[in-house]
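# Chain and residue survey
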Amino acid sequence: MSEAMKLKESLIAKRKRTNFVALILSMSAMTIGMVFLLWILSILFIKGFSAIDWSIFANSTPAPDSKGGGLANAIVGSLMMVGSCTFISAPLGVLAGIYLSEYGTRSKVASVTRFVTDIMLSAPSIVIGLFVYSLVVARAQHFSGWSGTIALSLIAIPVVVRTTENMLRLIPGTLREAAYALGASKWRVSLFIILRAAKSGVMTGILLAVARVSGETAPLLFTALNNQFFSTNMNAPLANLPVVIFQFAMSPYDNWVNLAWGGSLLITLTVLGLNIITRILFSDKKEG
Amino acid sequence: MESSLTSEQKKINAAKISKREKIFEFIFFRTSQASSMFVLVVLLGIFLSLLINAWPSFKEFGFGFFFSPEWNITKNKFGGLIGIYGTVISSFIALLIATPLSFGIALFLTEICPMVLRRPLGIAVELLAAIPSIIYGMFGLFVFSPIFADYVEPFLQATLGHIPGVGILFSGGGNGIGVLCAGLILAMMILPFISAVMRDVFLIVPPVLKESAYGIGCTTWEVSRFVVLPYTKNGLIGGIMLGLGRALGETMAVTFVIGNAQRIQPSLFAPGSSIASTLANQFGEASPGLHFSSLFALGLTLFIITLIVLTLAKLMLIRMQKNEGASS
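Residues numbered from 1 in each chain as written. Chains lettered and ligands numbered in written order. Predicted model: local features only at pLDDT ≥ 70, side-chain atom pairs only at ≥ 80, totals over all residues. Heavy atoms only, no water.

### Quick word on the pattern of salt bridges
Where side chains of opposite charge bring their charged atoms close, a pairing between them can arise. Applying the stated rule across the entire model yields 13 salt bridges over all chains. Here B:Glu126 ties to A:Arg279 by a salt bridge, and the two come within 2.4 Å at their closest N and O atoms. Here B:Glu126 is found in helix H3 (residues 115–130), whereas its partner A:Arg279 is found in helix H12 (residues 254–287) on a different chain. Each of the salt bridges in this network shares a partner with another, and the network as a whole consists of A:Arg114, A:Asp118, A:Arg162, A:Glu165, A:Arg169 and B:Lys314. (Salt bridge = Lys/Arg side-chain N within 4 Å of Asp/Glu carboxyl O. Helix = DSSP H or I, 4+ residues; strand = E, 2+ residues; numbered from the N terminus.)

Right, dumping it as C-alpha cells:
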C-alpha cells in the first residue's frame, strides 16, 4: 500500500471515529431526556396514586397533621377559574387571531402586535401576577377568584392568538377567493368559512392554552391566594390546586405532603391528557 | 318568484343588504382589531403598573438598587443584587447544561432516529415541556436534591473542588438545596423547550443541501457540523435565548430548590434566591411601604431583563426565516 493510500485510510478512519462519537453523544442526550421524563412520571405515579382515593374528591383540605381530608375545594376552585378563563380568553384570542391573519397581513401595527404576542407567550407569569395584583386585588382590597381568572386569561390569550393565526394561515387562499367571488363580505368569509375550515386547529390552540394555565402557580399566589374551606364564591379567595400543592409540599406535615403528590398527579394527568387530545384532534384534521 | 320583483325593488334590496353587511363588517373589523390590540395594552399596562408601584423604592435607593446586596426587612434597606445574581447564575447553569443536550436531542430527532420512532419521541419531548413547573419543583425538592446531596455534591467536591480558583464554587455543601440544584432543575425544564425549537429549525434546512453533502461522502456528523449548523446558526441562538427567557422568569421550580436565603455566597452548593423566588416567598407577607415597593422593583427588573432576552431571541429567529427566503 502506498503512503498516500495509508494516509487516506487513516483519514477516513478518523472521520468515521469522530462521526461515531458524535452519534453516540447525540443518542445519549436523547436517552438522558427520556430518562428524566420516565423518572418524573414514575415518581409522580407511584407517590400520586398512593395518595389518591375517593376521599380526595369528597373532602376539603384538612388541618395539618390530621387524618383524612382531600382536595375537593381546590379541585372545584381550579375548575372554576380555568373554566371562566377559557370563556374569556377563547373568544378574545380567536378574534385577535382572525384579525392578525385576515386583516392585518400587511399592516405595521399588526406585525408589532404579532411580535408582542410572541414575547408575551414566554413572559414570566409571576410578573403577570404582580400586574393583576396591583390592578385588581390592591383596588378591591381583597384576593379573589376573579383576579385569578384574569391573571390566567392574560397568560392564555397569547397562546390562543398565535395558534389561531397560524391555523387560519394554513387555509388555502382559493377558499377565500371563492367566497368573495360569490359576493360574501369579509367578516362572513372570516367567521363562517375560514374559521369553520380551521375549526380543529383553533380548538387545538384553545385546549393548549387550557393545558398551559391549569398548571400555572405563580400568578395565582398573589391573586386567588388560597382558601382552606369549600367555596364557590369568585369574589373571595378561592382554593386552587397549584397553590395548595405549593403550600402543602413546602410544609413539614406528612399528610399535607401526601396530598400535594396526589394533586400533582391530578394536574399532570390533566395537562398531559389535554396535550394528547390536541394531537389526536389535529392529526385527524391532517388526514381528513 | 324572481319575476315578481321589479328591477327597482331588487336594487333597493341589494342596497339594503350591502348597507347591513357594511355595518356588520365595520363592527367585526373593529372588535377583532381591538382584541388584537389588547395584548399590546396589557404589555404597556404591566410596564406602567410595575413602574408606578416600584417608584418609591427607586426614589429611595436610586440606581444603586441594582448593585446593593442588602435585603434587610427589619432595617428597611433593599437592594436587588442578590435576586439578580441568583436569577442570572441559575439560568446560566441551566443553559450551560441544556444547550449541548438539546442540540444532541434535536440532531437525534432529525438525522439519526429511525423514521418510525421520530414522531413518538418528538411527542415525548413535547410532553416533557408540557409538565407544569410546580411538578419539576416538587420532583427537585423531594427526589432530586437528596440524591444530589448524597452523590453529586461529594463527587464534585472531590474532583472539581480541588482545582484552585474553581474549587471555591464547590465548597461547603449540605442538603443539596442551592443554586446549582436550582440550575439543574431549570436545565431539565428548558431542555425539551430548546430541543423542540432546535428540531423545528433543523427541519427548515433544504434537503437538497444535506443530500448534496451526503453525496460527496460526508458523514452524518460532518453534514450536521458543516452544513446544518452554519445554515441554522441564527435560529439555534434564537432557540437558546427563548430557553433563557423561560429560565429567567421561572418561579415554582426554582422556589422549591434554591433555598431562599437572602445572601450571595461564592459556593454553588449554598442556598440563594432568585428574583422570582423572592417574590413568591415574600410578596404575600409584605406590608405596604418600601418592602412592597422594592418587590415591585425586583419584578420590573425581571420583566425588563426577560423582555430584552426574548426580543433578541425573536429577532434572531425572524432573521433566520428571512435568510431562508433569500437563499431559496
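Having seen the structure, we can now continue with the description.
### A word on helix H7 (residues 220–231) of chain B
Three- or four-residue spacings in an α-helix give side chains the same orientation, since the helix completes a turn every 3.6 residues. In this model H7(B) runs 15 Å from its N-terminal to its C-terminal C-alpha over 12 residues, within 8% of the 16 Å that 1.5 Å per residue would give. Inspection of H7(B) places B:Thr220, B:Glu222, B:Val223, B:Ser224, B:Val227 and B:Val228 among the buried residues, and these make up the whole buried set. Buried residues along H7(B) sit against helix H1 (3–51) of chain A together with helix H2 (81–112), helix H5 (179–204) and helix H6 (207–215) of chain B. (Expected span 1.5 Å × (residues − 1). Buried < 20%, exposed > 50% of the residue type's maximum accessible area, 1.4 Å probe, protein only. Contact = heavy atoms within 4.5 Å.)

### What about the nonpolar core?
A general trend in soluble globular proteins is that nonpolar side chains are found buried together. Residues A:Ile126, B:Ile46, B:Ile131 and B:Tyr136 are the most contacted members of the largest nonpolar core, which totals 194 residues. In this view, A:Ile126 contacts A:Ala218, A:Phe222, B:Thr251, B:Ala276, B:Leu279, B:Ala280 and B:Leu302; residues no more than four positions away in its chain are not counted. (Core = buried A, V, L, I, M, F, W, Y, C linked by side-chain atoms within 4.5 Å.)

### Quick notes on the packing of aromatic side chains
In this structure the tally under the stated criterion is 32 aromatic pairs over all chains. On the basis of an interplanar angle of 85° and a centroid distance of 5.7 Å, the ring pair of B:Phe65 and B:Phe66 is categorised as edge-to-face. For B:Phe66, a relative accessible area of 22% puts it in the partly exposed group. Centroid distance B:Phe148 to B:Phe269: 6.4 Å. Interplanar angle 80°. Geometry classified as edge-to-face. Placement of the pair is B:Phe148 in helix H4 (residues 133–159) and B:Phe269 in the loop between helix H9 (252–257) and helix H10 (275–282), with a sequence separation of 121 residues. Residue B:Phe148 is classed as buried on the basis of its relative accessible area, which comes to 2%. The structure contains a cluster of three or more aromatic residues connected by ring pairs, namely A:Tyr99, A:Tyr103, A:Trp187, A:Phe192, B:Phe24, B:Phe28 and B:Phe29. Residue placement shows A:Lys186 over the ring face of A:Tyr103; its charged tip is 4.9 Å from the ring centre. (Phe/Tyr/Trp six-rings, centres within 6.5 Å; stacked < 30°, edge-to-face > 60°. Lys NZ or Arg CZ within 6 Å of the ring centre and 35° of its normal.)

### A few points about a nonpolar patch on the surface
Residues and elements named next belong to chain B. Residues Phe 47, Leu 48, Ile 52, Ile 304, Ile 308, Leu 312 and Leu 315 make up a contiguous nonpolar surface patch of roughly 630 Å² in combined accessible area. At the level of secondary structure, the elements contributing two or more residues to the nonpolar patch comprise helix H1 (7–61) and helix H11 (290–327). Element by element, the count of residues in the nonpolar patch is highest for H11, at 4 residues. Examined against the element boundaries, Leu 315 turns out to sit in helix H11. (Patch = residues over 30% accessible without salt bridge, like charges linked within 9 Å, V, L, I, M, F, W, Y side chains within 5 Å. Areas by Shrake-Rupley, 256 points an atom, 1.4 Å probe, with all protein chains shown as cover.)

### Quick notes on the interface of chain B and chain A
Across the contact, 82 residues belong to chain B and 76 residues belong to chain A. Contact with chain A buries surface across chain B, with B:Phe28, B:Val39 and B:Met138 losing the most and accounting together for 9% of the total. One can count 4 salt bridges joining chain B with chain A. Across the salt bridge formed by A:Arg188 and B:Glu21, the nearest N and O atoms sit 2.9 Å from each other. Scanning the region where chain B abuts chain A turns up 15 residue pairs in polar contact (both at pLDDT 80 or more). The element best represented in the side of chain B that touches chain A is H1(B), accounting for 21 residues. Taken together, the residues of the side of chain B that touches chain A break down into 56 nonpolar, 18 polar and 8 charged. (Buried area = accessible area lost by both parts, 1.4 Å probe. Polar contact = N/O pair within 3.5 Å; in protein donor to acceptor, adjacent residues only side chain to side chain. Nonpolar A, V, L, I, M, F, W, Y, C, P; charged D, E, K, R; others polar.)

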